[in-house]
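The primary structure of each chain is shown beneath.
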Amino acid sequence: GVSRSRAVEVDVRDGSNATCLYARWMMRFVVKYETDVSDYKSATLNLSSSVTHNGSVCGNDTQAALLAVQFGEGHSWSANFTKTNETYQGDFITFTYNTNDTAVFPDAKRKGPVTVVLRDNMHPVQLNDVFVCQSTEFLEAENVTQIFWNVTVQAFVQNGTIGKKESRCRADMPTSAPTVLPTTANVTTASTTTLSPAPTTTPKPVETPVTGNYSLKRGNDTCLLASVGLQLNVSQDKPLLININPKTTSADGACGNTTAMLKLNDGNSTLIAF
């Protein structure tokens with residue numbers, strides 16, 4: 001499907017009209033809120049066509065840089081950045097949504113602005129480098145899921161010139177190739193000495209993941225169904241296969257008019273979002 005989210009581009013300039021903070025990114029919010037009849041619904045909040053960036057600040061050695069945007073009917077988002085002598089990094093993210101926006105929250109029990117603050121997971125970036133993250137990132141706090149992708153940002157821009165060297169997020173980094181175990185085809189014989197053959201062991205077959213059935217409701221209606229077996233192949237120090245067990249996995253998420261998100265949590269710090 002075609003996403004209705006829009007790319008945001010902010011070019012903050014200092015007193016001499018030189019760029020000091022630059023960012024371009026896409027984001028969307030999923031908010032779980034209580035209704036007038038004391039049940040819960042999920043609303044998807046996309047950026048509108050008119051986005052302002054009032055309050056954005058360049059920052060310096062003693063003051064944090066601030067990237068701030070406002071959109072829709074009283075919604076706003078901001079992220080501040082701090083720096084050391086050699087690096088800069090994200091510090092806190094603040095998101096405010098306004099339940100008086102009846103187009104998004106038509107039957108909200110709580111009226112008015114609600115603010116959520118969480119720590120940014122952006123890693124330190126060398127000054128003069130541009131932080132880039134094309135992958136989709138999810139940040140969750142207080143019934144709000146913030147979704148980001150196609151992120152490009154540089155804080156504390158030097159001499160008004162955007163850097164050319166990129167610092168990629170971990171999610172964009174290629175995974176290492178799985179370890180290749182020795183076989184008769186790729187082992188070079190180093191000696192002709194006759195040795196007793198080592199005992200052979202049969203490798204343990206990889207189990208097929210159990211199929212789980214997951215569903216989401218919007219009010220009394222089921223809005224999403226998934227029947228799927230999931231296996232993760234994680235390549236870090238060594239390959240690791242993880243099967244997601246439906247018996248210990250909980251499903252959460254949200255359904256909107258044009259988008260839906262399914263989040264599976266296996267209770268062992270593994271979170272998968274579709």
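Refer to the preceding data block for the structure.
Basis of the calculations
- Residues numbered from 1 in each chain as written.
- Predicted model: local features only at pLDDT ≥ 70, side-chain atom pairs only at ≥ 80, totals over all residues.
- Heavy atoms only, no water.
- Core = buried A, V, L, I, M, F, W, Y, C linked by side-chain atoms within 4.5 Å.
- Buried < 20%, exposed > 50% of the residue type's maximum accessible area, 1.4 Å probe, protein only.
- Helix = DSSP H or I, 4+ residues; strand = E, 2+ residues; numbered from the N terminus.
- Contact = heavy atoms within 4.5 Å.
- Pairing = 2+ DSSP bridges.
- Salt bridge = Lys/Arg side-chain N within 4 Å of Asp/Glu carboxyl O.
- Axes fitted to C-alpha atoms, helices over the stretch in contact; angles between N-to-C directions.

(A) Spotlight on the nonpolar core. Formed by 46 residues in total, the largest nonpolar core has its most connected members in Trp25, Trp77, Phe81, Phe95, Tyr97 and Phe131. Ranked by residue count, the leading element in this core is strand E2 (residues 19–34), at eight residues. In this structure Trp77 touches Trp25, Met27, Phe29, Leu67, Ala68, Val69, Phe71, Ile93, Thr94, Phe95, Gln146 and Phe148, once residues within four positions along its chain are discounted. Listed in part, the ten residues of the second largest apolar core include Ala226, Leu230, Ile244 and Cys255.

(B) Just the pairing of strand E14 (residues 212–218), in detail. Here E14 pairs with strand E15 (residues 221–228) via seven bridges, running antiparallel. Each bridged residue has a counterpart across the sheet, and for Ser215 the counterpart in E15 is Leu225.

(C) Main features of the pattern of salt bridges. Under the criterion given, the structure shown has nine salt bridges. Of the charged contacts, one joins Asp11 and Arg13 as a salt bridge, the two residues approaching to 3.1 Å between their closest N and O atoms. One salt bridge connects Asp91 with Arg119, and the closest N-O pair in it is separated by 3.3 Å. Of this pair, Asp91 sits in strand E7 (residues 87–98) while Arg119 sits in strand E8 (residues 113–119); the two residues are 28 residues apart in sequence, bridging distant segments of the chain. Overlapping salt bridges bring together Glu166, Arg168 and Asp172 as one network.

(D) Quick look at the environment of Gly112. In this fold, Gly112 is placed in the loop between E7 and E8. Using a relative accessible area of 6% as the deciding quantity, one classes Gly112 as buried. With twelve residues separating them in the primary sequence, Gly112 and Asn100 have C-alpha atoms 5.4 Å apart. For Gly112, the residues in contact, after removing those within four places along its chain, are Tyr97, Asn98, Thr99 and Asn100.

(E) Here's a closer look at the sheet that holds strand E18 (residues 250–255). Here three strands make up an open sheet; going across it, the order is E18-E19-E20 and the pairing antiparallel. On the outer flanks of this sheet lie E18 and strand E20 (271–273), each paired with one strand and no other. Adjacent strand axes in the sheet meet at a mean angle of 15 degrees when their direction is disregarded. Relative to E20, strand E19 (residues 260–265) is paired through three bridges, and the arrangement is antiparallel. Note on E20: the bridge partner recorded for Leu264 is Ile272.

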